[in-house]
Amino acid sequence: MSRPLRIGILGGTFDPVHIGHLRSALEVAELLELDEMRLVPCARPPHREAPNRSADHRLAMVRCAVGGQLPLRVDDRELRREKPSYTLDTLESLRAELGPEPKLYLLLGWDAFCGLPSWHRWLELLDHCHILVLQRPDADTELPEALRNLLAARSVADPRALSGSAGQIAFVWQTPLAVSATQIRQLLAAGRSVRFLVPDSVLAYINTHGLYRAPH
Ligand code: ATP
């Protein structure tokens, strides 16, 4: 009997996509032997300020970064929706397409995970997916009380031991990269280089379109 599909989901503003996103996505894909790792740019993040770059630019940069490097893929469903980007809607639409069997893994950096209790119907997320929490060496966010209880009830020590198609939480100790999109935007606005923090293809796109430069 063939094993169920294993699909990872990394959502974000990707303003711009950087090596912190890409290494995490790739390392989790290898660790869990994923069939696909989908990068899902969000349109209008409901719980943070709207990004400055258009959705088209952010999507184009993610496409440049991923290229044809399977199992990484770009999933633009949130940009095709006329609504705020609720992760729950994304998971429901993936389940409607894929059915109940595939194992879905939602990747969240530590900062995003700590913000979970402010998300739309957040407790229902685990009905549709497992959650993998990525370490972020630059994050100093404290775990909220509501998540302590959730972790006590739902976490497993080894991400490879997550069982069933959804419902559990594990931490992933991927290569720690203290890189953020905020830092990249600040460097560019200050006229500094971001080479090696983003793939060369993304750097070329940023330069071609003059993104993130301070206005003269
Ligand atoms: P910003 O600095 O604009 O807040 P960001 O670098 O956090 O952006 P997002 O697009 O908001 O990037 O992140 C998408 C997801 O990737 C989030 O879950 C976030 O926690 C995670 N992430 C971002 N950077 C890293 C990193 N360096 N290591 C691990 N996870 C990361």
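Residues numbered from 1 in each chain as written. Predicted model: local features only at pLDDT ≥ 70, side-chain atom pairs only at ≥ 80, totals over all residues. Heavy atoms only, no water.

**Focus on the overall build of the protein**
Then, number 1: When helices and strands are tallied, the protein shows eight helices and six strands.
Then, number 2: Mapped from its N terminus to its C terminus, the protein presents α and β elements in the order β-α-β-α-β-α-β-α-α-β-α-β-α-α.
Then, number 3: For the protein, whose C-alpha radius of gyration is 17 Å, the value lies close to the compact-globule estimate of 17 Å for 216 residues.
Then, number 4: Split into buried and exposed, the 216 residues of the protein put 49% on the buried side. (Helix = DSSP H or I, 4+ residues; strand = E, 2+ residues; numbered from the N terminus. Rg over C-alpha atoms; globule rule 2.2 N^0.38 Å. Buried < 20%, exposed > 50% of the residue type's maximum accessible area, 1.4 Å probe, protein only.)

**What about the sheet that holds strand β4 (residues 103-109)?**
Then, number 1: Taken together, the six strands give an open sheet; going across it, the order is β3-β2-β1-β4-β5-β6, and neighbouring strands pair in parallel fashion. The open sheet has two edge strands with one neighbour each: β3 (72-74) and β6 (169-172). Across the sheet, the mean angle from the axis of one strand to that of its neighbour is 30 degrees, orientation sign disregarded.
Then, number 2: Relative to strand β5 (residues 130-134), β4 runs parallel, the two being bridged by five bridges. The partner of Leu108 across the bridge, within β5, is Val133. (Pairing = 2+ DSSP bridges. Axes fitted to C-alpha atoms, helices over the stretch in contact; angles between N-to-C directions.)

**Focus on the confidence of the model for the protein**
Then, number 1: Put simply, the protein has an average pLDDT of 93, and 95% of its residues get 70 or more.
Then, number 2: Confidence estimates for the predicted assembly give a pTM of 0.95 and an ipTM of 0.99. (pLDDT = per-residue confidence, 0-100.)

**Describing the site of the ligand**
Then, number 1: Lining the immediate surroundings of the ligand are 24 residues, of which Asp111, Arg136, Leu177, Ala181 and Thr182 lie closest.
Then, number 2: For the ligand, an oxygen atom lies 2.9 Å from a polar atom in the backbone of Gly109.
Then, number 3: Note that an oxygen atom of the ligand is positioned 3.0 Å from one of the side-chain N or O atoms of Arg185.
Then, number 4: When the ligand sits alone it has 600 Å² of accessible area, and the protein chains cover 92% of it.
Then, number 5: Secondary-structure elements contributing two or more residues to the shell around the ligand are β1 (6-12), α1 (19-31), β4, α4 (110-114) and α7 (181-189).
Then, number 6: Residue classes in the shell around the ligand are distributed as eight nonpolar, 12 polar and four charged. (Near = heavy atom within 4 Å. Polar contact = N/O pair within 3.5 Å; in protein donor to acceptor, adjacent residues only side chain to side chain. Areas by Shrake-Rupley, 256 points an atom, 1.4 Å probe, with all protein chains shown as cover. Nonpolar A, V, L, I, M, F, W, Y, C, P; charged D, E, K, R; others polar.)

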